[in-house]
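Structural overview
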Amino acid sequence: MADSENEYSDDEIVTGKGRAAASKPKRAHARWENLATKTHDLGDAADGNIEGVLGGIEEANKRRRLLKDTTPLQRGIIRHTLLVLDLSIAMNEKDLRPTRYLLTITNAVNFIREYFEQNPISQLGILGMREGIATRVSDMSGNPNDHITAVRNLRSLEPKGNPSLQNALEMARAALYHTPSHGTREVVIILGALLTSDPGDIHDTIKACIKDRVRVSIIGLAAQMHICAEICRKTNAGDESCYNVAVDEVHYRELLMGITTPPVMRATDTEMQKRNQAALLMMGFPSRVTEDKATLCACHGQLTRGGYLCSRCRAKVCNLPATCPTRDLTLILSTHLARSYHHLFPLRNWVEVSWQRAREQNSTQCFGCLAPFPPAHEGADGSLPKRAEGASESSRYECETCQNHFCIDCDVFCHEVVHNCPGCQSSAHLPGVEVEEANGNGHVDGEAMETGA
Amino acid sequence: MNAVDATSRSIEADTGAPPSLLTVILDTNPHAWNLLAPSLPLHKALASLLVFLNAHLAINPANQVAVLASHVERAEWLYPTPPSRGHQQVNGDVDMANGGPVQQPPDEANKYRPFAAVERAITSNLQNLLATTTKAALSSTPTTMTAGALTLALSHTSKLTTAGPTSTQTAQSSFNYSDPSSNTSDSRAAGSSAPGSSTSRILILSTSPDNSAQYIPTMNAIFAAQRLSIPIDVLTLASSSTFLQQAADATGGIHLSSTTPTSHAGLLQTLMLAFLPDPTARQSLILPSGEGAGKSVDFRAACFCHRRIVDVGFVCSICLSIFCEPVPDGTCLTCGSHLALASYGRKPAVVPRKKKKRKRVVGEGETPGSAGGTPAPG
Ligand SMILES: [Zn+2]
Ligand SMILES: [Zn+2]
Ligand SMILES: [Zn+2]
Ligand SMILES: [Zn+2]
Ligand SMILES: [Zn+2]
């Protein structure tokens with residue numbers, strides 16, 4: 001027990017740096033303790049207007065989330081993931097509301113949606129752990145609706161028995177066995193129980209998983225388990241950030257949604273990719289048609305009015321993605337591919353604007369949303385209260401490429417939702433580009449690609 | 001419980017009049033308007049547009065409009081009036097914050113004041129815009145900055161609309177961005193087809209062909225609109241645009257094309273009948289079918305290497321970049337991965353495989369290796 005206790009605290013420190021866990025409060029400090037220290041800092045900083053400081057802190061927090069690395073990464077975007085849900089008796093606990101089980105179902109549905117949003121041509125399958133065995137909930141497929149229906153149907157099922165991590169891992173391994181080597185193989189386990197009833201030695205299974213390049217991430221709902229930490233560490237090349245225990249509903253959701261972001265390829269994976277040859281795949285982008293009279297589709301031979309015409313042979317298929325039945329061409333909705341392009345050309349971070357710079361540019365309104373800024377001349381004499389660390393003193397953020405100033409809301413919005421800079425996109429002449437021409441600024445994709453070519 | 005009573009009452013109060021923001025993106029490409037001049041001169045189109053905007057303002061006093069010009073080398077606000085950076089004096093700020101034009105207009109006794117303000121701002125800003133267009137800018141490109149205008153419209157809309165909903169959402173306001181489905185999915189699951197809290201929408205009056213260099217920014221904007229559940233309506237007045245078709249399709253907006261002189265004459269009618277009803281009202285209306293096939297959507301994409309619009313392309317399995325021809329020396333132009341040229345025909349795993357789990361028992365020692373389901377290159 002003492003061992004696992006140590007393991008636990010070590011793990012926590014490491015996960016503090018993990019991708020999804022960045023916002024997670026450390027267990028060592030309870031939430032209320034954190035709050036208390038925060039207010040203390042605030043008392044020090046605030047000489048006058050407390051509202052300004054509070055606003056600054058909020059802004060700084062928003063900003064911190066944004067300031068992640070935006071260098072384009074190779075991401076294994078064709079992912080093969082198995083989501084393993086705990087359907088054991090432990091899921092009846094009500095510590096997460098309404099119950100662990102119902103919350104897990106809701107979260108799983110959202111996970112499926114977001115997963116396909118982020119990983120458009122990836123595959124997902126769902127398994128369950130119940131009564132000591134692993135059960136198939138839905139097969140590996142690229143259609144979110146199949147999975148959502150299957151998961152919704154779980155509602156009528158009562159959680160029962162004990163989970164078995166070994167059985168689940170073995171089944172997952174088998175399901176991932178045939179997946180092509182240019183994709184990732186991931187298993188995501190949601191574990192509510194604090195035990196696993198395995199038929200054999202789970203360490204053999206772990207070894208087999210490593211051999212098959214299966215990465216396992218586990219989200220615990222109760223407390224840390226030594227074996228889970230071991231599974232995650234070993235299958236992720238020593239990376240301990242893949243095992244997390246959810247402290248509350250919001251954290252649970254954050255952890256699960258964090259997994260929908262395509263994983264960064266590790267060095268070993270890159271080698272693997274090299275060896276297995278990343279491929280150039282020929283794909284067709286068919287157009288959708290609607291017809292006055294129903295015709296037979298080439299895939300099922302059913303009468304349908306409308307569908308997609310293969311860009312090569314004009315055969316009609318009823319759903320995308322699909323393989324053209326006659327020519328073996330992969331047909332895909334180009335919008336599915338386009339969904340992931342913001343990972344390739346991330347928007348560069350914007351910089352804080354000093355009062356001096358604000359006066360130089362004489363910016364009075366946010367370029368994106370036209371919200372007024374605090375006037376630049378006021379900040380000059382230091383009459384405005386100092387704002388929290390990380391927030392811009394003039395409430396402005398500047399895109400270095402187009403040199404426009406934006407408010408914090410637009411900063412967050414542009415980096416997390418649109419992934420475009422309103423300024424760069426709405427002007428053909430960008431001052432920043434002319435200055436640092438050769439820098440191949442990562443986010444104006446036109447430039448980025450031309451320099452790459 | 002009391003809660004039941006309370007919710008039903010609040011719903012009743014809500015149904016009254018959800019204010020909505022209508023953002024119109026006017027494609028002011030001089031080339032295209034020059035071609036359109038015989039059947040639809042810009043000033044006539046503008047007059048129709050103003051009537052349309054007034055109609056939107058008149059439906060609900062809380063309604064708002066915003067107008068953007070997507071011009072040849074820049075996208076600019078027509079309404080509300082943007083600051084002209086550099087020579088704007090500080091005392092001008094107060095007026096602009098109200099969204100009004102810089103100079104106070106003389107009051108016209110016969111005009112509803114908001115109408116007059118919108119009209120004046122738009123016409124004077126448009127005149128400014130056209131007057132400051134240089135010959136060099138005109139000759140440089142035949143298309144317009146649609147992506148920029150869309151991005152501006154979206155930032156503006158999101159600022160105006162998220163101010164309300166975020167407070168009523170979950171305790172963590174951060175969540176509406178990182179997980180957009182959080183609120184929409186729940187309402188969908190409940191079976192209510194309410195169009196969400198924001199009733200904003202965007203209308204694009206398009207006259208220019210696609211600028212394939214803007215493929216990715218346009219797509220990004222489309223997905224953002226989808227996340228915010230803002231429908232993008234498109235009315236094509238001249239050459240049709242593949243990207244905008246996809247925009248309307250993906251966001252649940254209306255795509256109509258009106259490219260003949262007859263339909264140009266009825267521009268106002270098209271605007272009023274097809275685009276004025278809000279998304280809730282549209283559910284019970286039947287769309288006037290424009291020329292061309294009703295629901296067909298062109299899903300072609302632009303290649304990354306030459307900006308050609310393609311219907312068959314080569315896709316890098318690492319980064320999903322689209323190329324119109326096999327990449328030279330097998331290196332992806334975007335991510336630099338080495339790509340196996342020999343395996344064109346290889347299927348990516350987008351088709352559900354019908355495989356059974358019986359392999360599981362066959363001993364845990366065997367490794368699939370690289371041969372699992374994929375032929376070795378060469
Ligand atoms: Zn079919
Ligand atoms: Zn802003
Ligand atoms: Zn910019
Ligand atoms: Zn090309
Ligand atoms: Zn690539």
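Residues numbered from 1 in each chain as written. Chains lettered and ligands numbered in written order. Predicted model: local features only at pLDDT ≥ 70, side-chain atom pairs only at ≥ 80, totals over all residues. Heavy atoms only, no water.

**Comments concerning the overall build of chain B**
What counts is decided by this rule: Secondary structure elements are taken from DSSP: a helix is a run of H or I of four residues or more, a strand is a run of E of two residues or more, and numbering for both begins at the N terminus. Residue exposure (1.4 Å probe, protein chains only): buried if accessible area is under 20% of the type maximum, exposed if over 50%, otherwise partly exposed. In this description, contact between two residues means that some pair of their heavy atoms is separated by no more than 4.5 Å. Computed with the Shrake-Rupley method and a 1.4 Å probe, the accessible areas treat only the protein chains shown as cover for residues.
When you go through chain B residue by residue, the secondary structure sums to 14 helices and eleven strands. When burial is assessed residue by residue, chain B has 50% of its 378 residues classed as buried. Here the analysis covers contacts within chain B between residues at least 6 apart in sequence; of these, 66% occur between residues at least 24 apart. Here chain B displays about 17000 Å² of accessible surface, and carbon together with sulfur accounts for 57% of that area.

**Regarding the nonpolar core**
What counts is decided by this rule: The definition of a nonpolar core used throughout is a set of buried Ala, Val, Leu, Ile, Met, Phe, Trp, Tyr and Cys residues joined through side-chain atoms within 4.5 Å.
In terms of nonpolar packing, the biggest core is built from 95 residues, with L337(A), Y341(A), L154(B), Y215(B) and I322(B) touching the most fellow members. No other element matches the eight residues that helix α10 (residues 215-227) of chain B contributes to this core. Those residues in contact with I322(B), other than ones at most four positions away along the chain, are F285(A), L337(A), Y341(A), A301(B), A302(B), C303(B), F304(B), C305(B), V310(B), G313(B), F314(B) and V315(B). Of all hydrophobic cores here, the second largest spans 37 residues; its members include L42(B), I122(B), F275(B) and L276(B).

**Observations regarding the coordination of the zinc ion (ligand 4)**
All names here are of chain B. Here is the rule: Coordinating N, O and S atoms are those within 2.8 Å of the metal (3.2 Å for Na, K and Ca), and as water is not part of the atoms, a site may appear to have fewer donors than expected. The geometry test gives tetrahedral to four donors whose angles all lie between 85 and 135 degrees, gives square planar to four donors and octahedral to six donors whose opposite members are over 155 degrees apart with all other angles between 65 and 115, and gives irregular to the rest.
Looking at the zinc ion (ligand 4), one finds its protein donor set to be C303 (SG), C305 (SG), H306 (ND1) and C324 (SG), positioned 2.2 to 2.3 Å from the metal centre. The coordination sphere of the zinc ion (ligand 4) comprises four donor atoms, whose angles at the metal cover 89 to 144°; the geometry is irregular. Ordering the donors of the zinc ion (ligand 4) by residue number gives the pattern C-x1-C-H-x17-C. Here C303, found in the loop between β7 (301-302) and β8 (309-310), pairs with C324, found in the loop between β10 (322-323) and β11 (339-340); they are 21 residues apart in sequence, far enough to count as distant.

**Some remarks on unusual backbone geometry**
Residues and elements named next belong to chain A. Put simply, R97 and P98 share a cis peptide bond, and its omega is 0°. Looking at the secondary structure, you find P98 in the loop between β1 (79-86) and α4 (100-118). Phi angles above zero are rare outside glycine, and S395 is one such case at about 60°. Residue placement: S395 occurs in the loop between α14 (376-380) and β16 (397-398). A relative accessible area of 14% means that S395 is categorised as buried. Look at Q403: it is not a glycine, yet its phi comes out positive at around 60°.

**Description of the side chain of E398(A)**
Residues and elements named next belong to chain A. Put simply, the rule is: Counted as a polar contact is a pair of N or O atoms within 3.5 Å, where, for protein atoms, one must be capable of donating a hydrogen and the other of accepting one, and residues adjacent in sequence contribute only when both atoms are in side chains.
Position of E398 relative to the elements: it lies in strand β16. Within the local environment of E398, its side chain forms a polar contact with the side chain of R357, the two groups lying 2.8 Å apart. Residue contacts for E398: discarding those within four places in its chain leaves W350, V351, V353, R357, Q403, N404 and H405.

**Topic: the sheet that holds strand β8 (residues 287-289) of chain A**
Residues and elements named next belong to chain A. Short version of the rule: Strand pairing requires that DSSP identify at least two bridges connecting the strands.
Ordered in space as β8-β11-β12, the three strands form an open sheet in which the pairing is antiparallel. Both outer strands of the open sheet, β8 and β12 (316-317), are each paired with one neighbouring strand and no more. Pairing geometry for strand β11 (residues 307-309) and β12, over two bridges, is antiparallel. When the sheet's bridge partners are listed, Y308 is paired in β12 with V317.

Note that all results are geometric; they support no functional claim without further evidence.
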